[in-house]
Amino acid sequence: MSTSTVRELPAVAPDVTAELVAALSPRLRKRLDAGITKLADRPVVRDGDTVRITVDDEGSELELHAPGGVVADAAAIRCGCLLAPDCLHRAAAASAAPVADASADTASTEGADGIAGVGAVEAAGQPAPLPGVREIPVPDESATAPQLAAAHAVFEAVAAVLDAGTDGSGAVLQAESLRAAHTARLAGLPRAAAAAVSLVTGVRAARAADPAFRLTELVGAVSEALFVAHRVPHATGAELTGLRGTVRQPYTPDGSLRLYGLFSEPVLTASGYAGAVTWTADAEGRLYTVSDVAPGGTGRAVGAADRAVRIGDTALTHRELARAGLAVSGATVSPTGRLGAGAGVRAVRASGVGWRAEPLDRLWAVPVAEQVGRALDGGHDLLFLEVTAVGAVREAAGDCLLADCGGVPLRLTAAHDHPELPHRDNLRLLAAARGSRLRVVARLVAAPHARAQLLATEHPMRAGSRVDVGLDRLQHADLPVPASPPSAAPLAPLAPAAPVHVVRTPDEAPLHLLRRRIEQAASGGRRVLAFPGDSAADVHRLHRHGLSTAGDILDGLLAAAAERSRDAFGRLLPADTGHFARAWLTAARYTDEVDRVLCAAAWGG
């Protein structure tokens, strides 16, 4: 039995939260956000799969039963207060808890994969298949009536959140989005469902002032949810298949594999999942992953690397596999290279190789522009780079490592900001190793300048050793020591530090005028764009710089934000949230595409 805070509540299924909030009376709905805030000050006692919270001074207890770490039924949340089961406490607890990711099937017999890579599920998009995987023809079909209704529900719910912004999107609006997500999942639209859940997770992080919150990620979630919901009614065939998404990827037999470990990375998601993913490659350079992700928190993310990999009978841990090898027979593989762990799979430890030896060496031989192009076209987003550390550069989100990558100024950022994970500390130390030439593995970030998240690197001092940036913690002793002058000679004055080369950021390009409005709307809602200001000047500036399309889109977005009709008595009618959402989506999709083009150009593509 352990005691923690309400932040450690188990994940709750979206439909459970939606059901409990919908059952509240109008009076209690108005008090829901205050109830959530009050609940945050109450201690949580965990006893196995059961979590208890004392909800009032009379000692009434709220109990959540979460087998497997997830509350899957409204009846699993019970309260002992006098108003139960129609009390506020049950809905408040569900609304305060992380949203369970229904598309992550951690009990799968084909792999227990949980969440791939850094937490993205297959429902978030259609991954590029591995070479040699047969494509299945898709019939030219249209969305079903339930799917059309579900897409409409998702669009309306997300448009309401966008209209209100994060500050105005309380528990009731969040529950409507979760209800729409559940409806979409039942209708066979897991991609829309996953996007709506990600939206709610982002809104909650913003409202709680979570240090890990990123406005760009919230914008991406809103854009994804609106785009899928908007396109489903108009799509057919292969496009509709991609928009629907898949809950789990199909695994196909792949015979025998000889794999070589590359690196491991921790997984820690806002939806309550944690673990580790280890990346490997075969002799042809194809990438495969072995994952162990399940409901849990930071402790599981930190400790998962020392757990045995869940494939065959091997006793290798993820940390060991990242530097060793694996011989697999009866392998099953998903289109994105995730290895299944079915009963027929056999795996034994094999020898590994260094990054500068074959077959791993060939991963770094691929031209960088080609790697970036592959990632932007829907392939895996890992980059294998040769860089020279230049120093650190400060950004609003924290310091990042500035490096030279074949003449391209590159910013390497932390893949995760949680203080118990060593990403940020390792970046600071590596920035001090100026002049060190290293091979690194990074995850591409689409931006108008060269930018990527650092995942693994060669050790600055130990040839042949590597560092998993999210799991291994570097020390000052691991850095090169600057040569000191002889003791007999007088100390020379310190030479000035090498200048840090500043690369252009998105905010230095005129396009930031449009992107800023997109982010303002996602954060503050439609009303922040309806205020008079320098809007006309921004539109004119975009036109002057040749971005006439961006100027027209911004003009349309601002007009949609300010548009309000009146009735026959002159009273303002409710805003058309759908019209504003479509104008916002146009702007968001446009900037994403421009970023994609500028990103390719920044890397020399």
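A short tour of the structure in this document, coming up.

Here is what the cut-offs are and how they apply
- Residues numbered from 1 in each chain as written.
- Predicted model: local features only at pLDDT ≥ 70, side-chain atom pairs only at ≥ 80, totals over all residues.
- Heavy atoms only, no water.
- Helix = DSSP H or I, 4+ residues; strand = E, 2+ residues; numbered from the N terminus.
- Buried < 20%, exposed > 50% of the residue type's maximum accessible area, 1.4 Å probe, protein only.
- Contact = heavy atoms within 4.5 Å.
- Areas by Shrake-Rupley, 256 points an atom, 1.4 Å probe, with all protein chains shown as cover.
- Phe/Tyr/Trp six-rings, centres within 6.5 Å; stacked < 30°, edge-to-face > 60°.
- Expected span 1.5 Å × (residues − 1).
- Bend = angle between axes of the 7 residues up to and from the residue.
- Pairing = 2+ DSSP bridges.
- Axes fitted to C-alpha atoms, helices over the stretch in contact; angles between N-to-C directions.

When you go through the chain residue by residue, the secondary structure sums to 19 helices and 18 strands. Evaluated residue by residue, the chain yields a buried proportion of 51% over its 605 residues. Restricting to contacts in the chain with at least 6 residues of sequence separation, those with at least 24 account for 66%. Split by element, the accessible area of the chain, about 26,700 Å² in all, is 55% carbon and sulfur.

For the rest of this paragraph, the subject is the packing of aromatic side chains. How two aromatic rings sit relative to each other is set out by the distance from centre to centre and by the angle between their planes. Across all of its chains, the model carries three aromatic pairs by this definition. Aromatic side chains Phe-263 and Trp-279 sit 6.2 Å apart centroid to centroid with 10° between the ring planes, which places their arrangement in the stacked category. Of this pair, Phe-263 sits in strand β8 (residues 252–268) while Trp-279 sits in strand β9 (residues 273–281), and the two are 16 residues apart along the sequence. The class of Trp-279 is buried, set by a relative accessible area of 8%. The interplanar angle of 35° and the centroid separation of 4.9 Å between the aromatic rings of Trp-355 and Trp-364 together place this pair among those described as tilted. When sorted by exposure, Trp-355 lands in the same class as Trp-364, which is buried. Site record: aromatic cluster; members linked through ring pairs are Trp-355, Trp-364 and Phe-384.

An ideal rise of 1.5 Å per residue puts 34 Å on 24 residues; helix α5 (residues 145–168) measures up with 32 Å between its terminal C-alpha atoms. For α5, the principal kink sits at Leu-162 and spans about 60°.

Before going further, it helps to examine the sheet that holds strand β10 (residues 287–295). Adjacent strands of a sheet pair through backbone hydrogen bonds, lying either parallel or antiparallel. Within the open sheet, the five strands sit side by side as β10-β9-β8-β11-β12. Their pairing is antiparallel. For this open sheet the edge positions go to β10 and β12 (346–350), each flanked by a neighbour on one side alone. The sheet shows a mean angle of 35° between the axes of neighbouring strands, taken without regard to direction. Examined bridge by bridge, β8 and β9 share eight bridges and lie antiparallel to one another. By the bridge assignment, Gly-261 is partnered in β9 with Thr-280.

Keep in mind these values describe shape, not function.
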